[in-house]
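# Structural description and commentary
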Amino acid sequence: MRATSKKIMTGSSPSTKMDPLYVVFEQHLFNFQDSDSDRKTFIANVVIDYLTYLRKLNITVPKSLEQPIVEELSEQVNTMLVKKIYGCYDIEEYQKSLASTLKKRARMKYSKLKQ
C-alpha cells in the first residue's frame, strides 16, 4: 500500500477536515458549564450553534424544511453524546475524566470555525 493512501485511510492527512457539527458538539461538551441543563437543552444548544455557523457561511435552510432538519441534527447530536459519555452518569462526570489538553484542542478547532 502506498504511503499516501495509508494516510487517507488513517485520517492523518493534514487535509482531513473535521465535521463542523462534531466540532461544535465537542466544544459544548468539553466546556459544559450549566449543571442545571438537561440533555434536551444541551442538544438544542449544539444544534442552534451549528445552524448559526451555517448561516455565517450563507447556507440557508428553507422554513418548510427547518423542523425536520433540526430533528435530524438533534438525533445525530444525541447519538454522538451517548457514544461519547458512555459509562458516565452525566456530562459533568465525563468532564472530570478529561485532560485539559482535550479541552484546549476543542476550543482551538471551534475558534477556527468561527473565523
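Residues numbered from 1 in each chain as written. Predicted model: local features only at pLDDT ≥ 70, side-chain atom pairs only at ≥ 80, totals over all residues. Heavy atoms only, no water.

### What about the nonpolar core?
What counts, and what does not: Buried Ala, Val, Leu, Ile, Met, Phe, Trp, Tyr and Cys residues that are joined via side-chain atoms within 4.5 Å together make up what is termed a nonpolar core. Residue exposure (1.4 Å probe, protein chains only): buried if accessible area is under 20% of the type maximum, exposed if over 50%, otherwise partly exposed. Secondary structure counts use DSSP, requiring at least four H or I residues in a row for a helix and at least two E residues in a row for a strand, with both numbered from the N terminus. The contact rule is simple, with two residues in contact once any of their heavy atoms fall within 4.5 Å.
F25, L29, F42 and V77 are the most contacted members of the largest nonpolar core, which totals 26 residues. If you list the elements that add at least two residues to this core, you get α2 (20-30), α3 (39-56), α4 (63-84), α5 (91-96) and α6 (100-114). The greatest single-element share of this core, amounting to 8 residues, is contributed by α3. Those residues in contact with F25, other than ones at most four positions away along the chain, are F42, V46, V77, M80, L81 and K84.

### Here we look at the packing of α2 against α6
Going by this rule: Note on geometry: axes are C-alpha line fits, over the in-contact stretch for helices, and angles between N-to-C directions span 0 to 180 degrees. Should an angle fall under 35 degrees it is called roughly parallel, over 145 degrees roughly antiparallel, and 65 to 115 degrees roughly perpendicular, with every other angle called oblique. Less than a right angle of anticlockwise turn of the near helix away from the far helix marks a crossing as left-handed, whereas a clockwise turn marks it as right-handed. Throughout this entry, Asp, Glu, Lys and Arg are counted as charged residues, while Ala, Val, Leu, Ile, Met, Phe, Trp, Tyr, Cys and Pro are counted as nonpolar. The remaining residues, Gly among them, count as polar.
For the pair α2 and α6, interaxial distance at closest approach is 9 Å and the crossing angle is 135°. Regarding the angle of α2 to α6, the classification is oblique. Judged by the sense of rotation from one axis to the other, the crossing of α2 with α6 is left-handed. Packed against α2, whose contacting residues are P20, V23, V24, E26, Q27 and F30, the element α6 presents L102, K103, A106, R107, K109, Y110 and L113 at the interface. Taken together, the residues that form the contact of α2 with α6 break down as 8 nonpolar, 1 polar and 4 charged.

### Describing the packing of α2 against α4
Packing of α2 against α4 leaves a shortest axis separation of 11 Å and a crossing angle of 55°. In terms of orientation, α2 and α4 fall into the oblique class. As for how α2 packs across α4, the hand of that crossing is right-handed. Residue-level inspection shows L21, Y22, F25, E26, L29 and F30 of α2 in contact with α4, the latter providing L73, Q76, V77, M80, L81 and K84. Of the residues assigned to the contact of α2 with α4, the class counts are 9 nonpolar, 1 polar and 2 charged.

### Looking at the layout of surface pockets
Put simply, the rule is: Grid points spaced at 1 Å and placed over the protein atoms alone form the basis of the search, with a cavity being a set where a 1.4 Å probe fits but cannot get out and a pocket an open set showing protein on both sides within 12 Å along at least five of seven lines. Lining residues have an atom within 4 Å of a point. Grid points are joined across faces, edges and corners, and a volume is the space filled by probe spheres set on the points.
The volume enclosed by the largest pocket comes to roughly 220 Å³. Lining the largest pocket are K17, M18, P20, V23, R105, M108, K109, K112 and L113. Going through the elements one at a time, α2 and α6 are the ones with two or more residues in the lining of the largest pocket. No other element matches α6, which puts 5 residues into the lining of the largest pocket. Residue classes in the lining of the largest pocket are distributed as 5 nonpolar, no polar and 4 charged.

### Considering the pattern of salt bridges
Heads up, the condition is: Salt bridges are defined by distance alone: a side-chain nitrogen of Lys or Arg within 4 Å of a carboxyl oxygen of Asp or Glu.
In the structure shown here, the tally under the stated rule is 3 salt bridges. Between K63 and E66 there is a salt bridge whose closest N-O contact spans 3.7 Å. Linking K63 with E66, this pair stays in helix α4, spanning 3 residues, or about one helical turn.

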